[in-house]
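Here is what each chain is made of, one letter per residue.
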Amino acid sequence: MYLPPHDPHVDDPMRFKPLFRIHLMERKCATVECMYGHKGPHNGHIQIVKKDEFSTKCNQTDHHRMSGGRQEEFRTWLREEWGRTLEDIFHEHMQELILMKFIYTSQYDNCLTYRRIYLPPSSPDDLIKPGLFKGTYGSHGLEIVMLSFHGKKAKGTKITGDPNIPAGQQTVEIDLAHPLQLPDIENLHDFSELSRIVLEVQEQIRREEQGKEHQKEEEDCSQPAASQPAAKPLGKEDAEGEDTAAGAEGTTKDKASAPHPFVLPMGVISRNEDYPRACRICFYGTGLIAGHGFTSPERTPGVFVLFDDDRFGFIWLELKSFSLYCRIKVSFQNAEAPSREAFDEMLKNIQSLAT
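Small disclaimer: the values here were computed from a predicted structure and weren't measured.

Caption draft 1: Expanded view of the side chain of H140. Mapped onto the elements, H140 comes out in the loop between β8 (131-136) and β9 (142-150). On the basis of relative accessibility, which here comes to 14%, the residue H140 falls in the buried class. Of the polar contacts made by the side chain of H140, one reaches the side chain of N164; its length is 3.0 Å. Not counting residues up to four positions away in its chain, the partners in contact with H140 are W82, L97, K101, D162, P163 and N164.

Caption draft 2: Spotlight on helix α4 (residues 191-221). For α4, spanning 31 residues, the distance from its first C-alpha to its last is 45 Å, which sits close to the expected 45 Å at 1.5 Å a residue. Listed in full, the buried residues belonging to α4 are F191, L194, S195, I197, V198, V201 and I205. Packed against the buried residues of α4 are β11 (170-180), β15 (281-291), β16 (295-308) and β17 (311-316).

Caption draft 3: Just the sheet that holds strand β7 (residues 112-115), in detail. With antiparallel pairing, five strands are arranged side by side in an open sheet as β3-β4-β5-β6-β7. Edge positions in the sheet fall to β3 (20-24) and β7, since each of these pairs with one other strand and no more. The mean angle between the axes of side-by-side strands here comes to 35°, regardless of whether they run parallel or antiparallel. When strand β6 (residues 53-58) meets β7, the two strands line up antiparallel, connected through four bridges. Its bridge partner lying in β7, F54 is registered against Y114.

Caption draft 4: Quick look at a nonpolar patch on the surface. On the surface, L99, I103 and Y104 cluster together into a nonpolar patch covering about 260 Å² of accessible area. Checked against the element boundaries, Y104 lands in helix α2 (residues 92-106).

Caption draft 5: Here's a closer look at a negative patch on the surface. Taken together, the side chains of E208, E209, E213, E217, E218 and E219 present a region of like negative charge at the surface. Tracing the chain through its elements places E218 in helix α4.

What counts as what
Residues numbered from 1 in each chain as written. Predicted model: local features only at pLDDT ≥ 70, side-chain atom pairs only at ≥ 80, totals over all residues. Heavy atoms only, no water. Helix = DSSP H or I, 4+ residues; strand = E, 2+ residues; numbered from the N terminus. Buried < 20%, exposed > 50% of the residue type's maximum accessible area, 1.4 Å probe, protein only. Polar contact = N/O pair within 3.5 Å; in protein donor to acceptor, adjacent residues only side chain to side chain. Contact = heavy atoms within 4.5 Å. Expected span 1.5 Å × (residues − 1). Pairing = 2+ DSSP bridges. Axes fitted to C-alpha atoms, helices over the stretch in contact; angles between N-to-C directions. Patch = residues over 30% accessible without salt bridge, like charges linked within 9 Å, V, L, I, M, F, W, Y side chains within 5 Å. Areas by Shrake-Rupley, 256 points an atom, 1.4 Å probe, with all protein chains shown as cover. Salt bridge = Lys/Arg side-chain N within 4 Å of Asp/Glu carboxyl O. Lys, Arg positive; Asp, Glu negative; His and termini not counted. Charge placed at Lys NZ, Arg CZ, Asp CG, Glu CD.

Without other data, these values stay purely geometric and don't point to any function.
Have a look at this one:
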């Protein structure tokens, strides 16, 4: 398992933790060992569920228990996962969230299902290279997000989740057609000024969407007969639209080339105060927030801030908080890890032995 670094150090490397291992013996015999817990390897099981998916099960979960009971297990987990002790965490709400995460993760006892992650394709037109990023999520700590590009939209999808927003949900969406012109560095300290700019763009997008819906309704009601000539030469309007879009894209890239001074407005909370003080470009975006258990989810306005090729940020307007994201550069292999093809073949051999 690759774990994010300790909160809030997004620039630190990922942490590696073995969860299971497979011994291939002679005569096509294989054994599976669970590596979870602190009592050494013990008996486990692996099963192929379907394509790109398999599950592991520990057959000796008593090896995961500690002599000091759940309290000792929680304190050990806290040191390993967060790099701190319970006495270091003074915020009561943060203590509650951390305890909730411990309960969620420890109940599985390394009986887990694994699904293959397909990284998004890369295009020369992308703002930056897509991929996996570590991001700060307040009291939830660091989480992993996959950034992908889809035309005039960019999406950040959670690879790891929390009690509020689970994995697989789209945590942020960036509207690349609506870059934001931030105020100068003196006025950027004023949160109300930033809020005014963002909400104006939100209202502009709402009017544009209403206009498109109204135009579509009119077109549906007054479709010309197929034999009637079009009012304009075929393709002229589309070509003009493409020229406009291409011009806007060129303008965006020009703006992104020169760095601008950046500082968080007063009142915006950031877990990591060591964020870059210069950015390339900002865009309007929305962030997903919800209550515990993913209750009452809603998309709220925010600001996507591109710092460089490997770092970006998101200002959650409603929460008055800032998330800093840093690219994961680890190759996700260690010296003893088998190739993807070899691992798939290994699982097939184990499955055939089990049946």
